[in-house]
Structure formats: C-alpha cells, structure tokens
Amino acid sequence: MTPKILILPGDGIGPEITGEAVRVLGALSLGFEMETALLGGAAVDATGEPYPEATQKLAKAADAVLLGAVGGPKWDTLPREKRPEKGLLGIRKHLNLFANLRPAILYPELANASTLKPEVVSGLDILIVRELTGDIYFGQPRGIENRGGERFGFNTMHYTETEIRRIGRVAFEAARKRGKRLCSVDKMNVLETTQLWRDVMNELAPEYPEVTLSHMLVDNAAMQLVRAPRQFDVLVTGNMFGDILSDEASMLTGSIGMLPSASLDEHNKGLYEPSHGSAPDIAGQGVANPLATILSAAMMLRYTFNEEAAARRVENAVKAVLAKGLRTGDIFETGTTKVGTKAMGDAVLAAL
Ligand code: IPM
Ligand code: MG
C-alpha cells in the first residue's frame, strides 16, 4: 500500500517551512503519496472552521500528518471554538495522538545560541514525553459562569489509570532505547490526580528492569531543567506540565527553530510538527528556519514508517548543513553564512 502523508501547512511561516520538508520527503524516493489540506487560521478563513470536515477525513485516511504551525494575531479575537488552536487540539483528540515526543538536543555548532553557560548545556540531549489528549486541557466540566453574583472560572484535571499507563509505557520504551533513565514529573504533594500518576508509574517500573525510574515534583523539575539539565534523559509528564516544561527545555538549546516533535497514537500513526509557532512577524518573507520541520519529517520516517536509515540520512544532512556554516536568521552568528528558507532547503537536499 502506498504510504499516505497529509500536509497541513497551517498559518504564518507554516507554508514556507512545510514546503521545504515536502521537498526533502520527495527526494527520498520512498513512494509517498502527499496531499495538502487546511488547518488553523487558514481553515477558518476558507471554511469558518479551524479543523474542517474535509481535513478530518483526509487526516483519518493518512498514515502520517506533517503540520507547519497554526495561529496568529488575526484570529486571536475569535470565539474560543473558532480559534486556530482549537484546530490543533481537535486533530490531536480526533486522531487519538496521546503521546507527544519533544526532544531537546543541543547541536554543538549552535552552542552559543543558548542563554545558559556552555558547560551547563553542552551535549544536552533530553526527550520530553508529554501526554497530549487528557488532563486539564480536555477535562469537563469547564467554563466561565456567573455564580453568587460574580464570574467564576473553572477547569477539571483528571486522568484514568489507563491513560497514565499507556503514556507511561511509551516513556519507558523510549528510555529503554536511550539512556535508560526515566524521570516522571508530577505534583503529588498537592494534586490527587498526580498521586495516581506517580502510583501507576511505580507499578509499571518492574516491567522495565533496565530503566531507572525517578520522580520529581514539577516546580523542582522546572528549576532542575535550568540548573543542571543534563541530569535528565527522558522526562514523562501530563499534558499541562508537559506544555510548560517542553517550552522551557526547548529554550535550553537557544534554538527552538531546530526542534521537531511527534504526536503518536497507539499504532504509531503520527502528527509531526516543529516545536516552534507560526511566527507571524516573519511570515511570507522567506527567512524562516525550515530545519525543525525537516527534522520532524525525519521523526515521521522513524516512528510511523520504520525507515530508520532514511531518518538518519535526513538528520545527517541537517548536521552537514550546520557544519558548513549555513544559518537562517534565528540561529545566525558572526562568521556563519545567513541564508533564507529556500536556500536552507536546497542545502539539505544537496547534502542528502
Ligand atoms: C503546544 C502549544 C499548544 C498546547 C497550544 C497552541 C494549544 O502550546 O503544542 O505546546 O498548549 O498544547
Ligand atoms: Mg506549548
């Protein structure tokens, strides 16, 4: 069967950066069938919905989805249900993409981009495994109501043990393939939901005797990530804490324009997207960094299509381009060569 990839360029710099990743995927001659559809603000403009039915159908039928980014100031004043972010949350839930893998890797060539001292971050290679379809993000009841004569806002944090177990397994498996250390992050000193989280992680541990499991409270984890980030190999946490910690971890590298991500279901169908946003300020100028999207395509090759060799080829091409001194504006420093989105894509293709 022909492997099917759905491309969702999205908003802002999305079309430019996915364009380069599509060229890279095409160059691998793996026979991918690629189709393009609308998500986010672009979809709102065209159809009135951030995750229109046509996109839903194509997303269900595809083996993998490559997403640029969604959102922008243009849509920030729309009602919550119509905002681009709702499209992103919608596709995550619709495709049951509960496992979000967010690596934070410091490329030696980009060590200066970090705001932390080189001795703190050099060699950094951590993976955050974030639960993506549960927690306070999706919990009911929620809302803003009038109660007792004033406005009252409320959300609900909850996890079933099944939800915790399945993300726990993904994290243990990932740790087993890497440095064999897993740190589970919770707030069990205050929140019952995360006491259950900790209990379930402990119950899973005997199934993975090669992996050393530790626990950390989320406030301490936020602190340890900037104090001594290399103590971590794999971190696993819930949706809300994972949202925050993954942004923090990405900034340890100083170059969020380099970081890919994968969101997987139980059968390794996945949505792949750069960790950065839609950067409306530089959209359409041809200057955005396509490397995080290209590296997301590499994750797609690895996790959905089991094409480890091809994934490595793409990752090595990106490393080669960095070693040559080519930089987009976000990672530029004196002594390197500044290039635009397309030239960066060309260089990766050449290095392939
Ligand atoms: C992310 C983003 C999203 C999230 C927003 C855009 C809904 O911050 O992917 O981390 O909170 O999950
Ligand atoms: Mg986020």
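Here is a short report on the structure shown in this document.

About the criteria used
- Residues numbered from 1 in each chain as written.
- Chains lettered and ligands numbered in written order.
- Predicted model: local features only at pLDDT ≥ 70, side-chain atom pairs only at ≥ 80, totals over all residues.
- Heavy atoms only, no water.
- 1 Å grid on protein atoms, 1.4 Å probe; cavity = no way out; pocket = protein on both sides within 12 Å on 5 of 7 lines; lining within 4 Å.
- Points joined across faces, edges and corners; volume = space filled by probe spheres on them.
- Helix = DSSP H or I, 4+ residues; strand = E, 2+ residues; numbered from the N terminus.
- Nonpolar A, V, L, I, M, F, W, Y, C, P; charged D, E, K, R; others polar.
- Domains from an automatic or database assignment.
- Core = buried A, V, L, I, M, F, W, Y, C linked by side-chain atoms within 4.5 Å.
- Buried < 20%, exposed > 50% of the residue type's maximum accessible area, 1.4 Å probe, protein only.
- Near = heavy atom within 4 Å.
- Polar contact = N/O pair within 3.5 Å; in protein donor to acceptor, adjacent residues only side chain to side chain.
- Areas by Shrake-Rupley, 256 points an atom, 1.4 Å probe, with all protein chains shown as cover.
- Salt bridge = Lys/Arg side-chain N within 4 Å of Asp/Glu carboxyl O.

Bringing the layout of surface pockets into the picture now. If you add up the space inside the largest pocket, you get close to 980 Å³. Together, 29 residues line the largest pocket, and L127, R178, M299, R302 and Y303 are the ones closest to its centre. Looking at the lining of the largest pocket element by element, the count peaks at five residues for helix α6 (residues 161-177). Split into classes, the residues belonging to the lining of the largest pocket amount to 15 nonpolar, two polar and twelve charged. Counting contributing residues per domain, the lining of the largest pocket is built from domain 1 (1-98 + 265-352) and domain 2 (104-256), each supplying no fewer than three. Within this model, the second largest pocket holds a volume of roughly 570 Å³.

Counting 59 residues, the largest nonpolar core has L25 and M258 as the members making the most contacts within it. Here the element with the most residues in this core is helix α10 (residues 291-303); it accounts for eight residues. Taken together, domain 1 (1-98 + 265-352) and domain 2 (104-256) each give at least three residues to this core, which thus spans both. Within the second largest apolar cluster, 19 residues are counted, among which are L116, L124, V185 and A221.

Surveying the vicinity of ligand 1 reveals the residues E85, R92, R102, R130, Y137 and D243. In this structure, an oxygen atom belonging to ligand 1 sits 2.8 Å away from a side-chain N or O atom of R130. Surface burial for ligand 1 is 74%, taken as the share of its 320 Å² of free accessible area covered by protein chains. Partitioned by chemical class, the residues of the shell around ligand 1 number one nonpolar, no polar and five charged.

The next subject is the pattern of salt bridges. If charged atoms from side chains of opposite charge come close, those side chains can pair. In the structure shown here, the tally under the stated rule is 21 salt bridges. The partner of R169 in a salt bridge is E207, and the shortest N-O contact between them spans 2.5 Å. Here R169 is found in helix α6, whereas its partner E207 is found in the loop between α7 (192-204) and β9 (212-217), with 38 residues between them in sequence. The class of R169 is partly exposed, set by a relative accessible area of 30%. When salt bridges with common partners are traced through the structure, they connect E20, R23, K342 and D346 into a single cluster.

Along the chain, the position of T341 falls in helix α12 (residues 341-351). Judged by its relative accessible area of 3%, T341 is buried. Within the structure, the side chain of T341 is placed 3.3 Å from the backbone nitrogen of V287, a separation counted as a polar contact.

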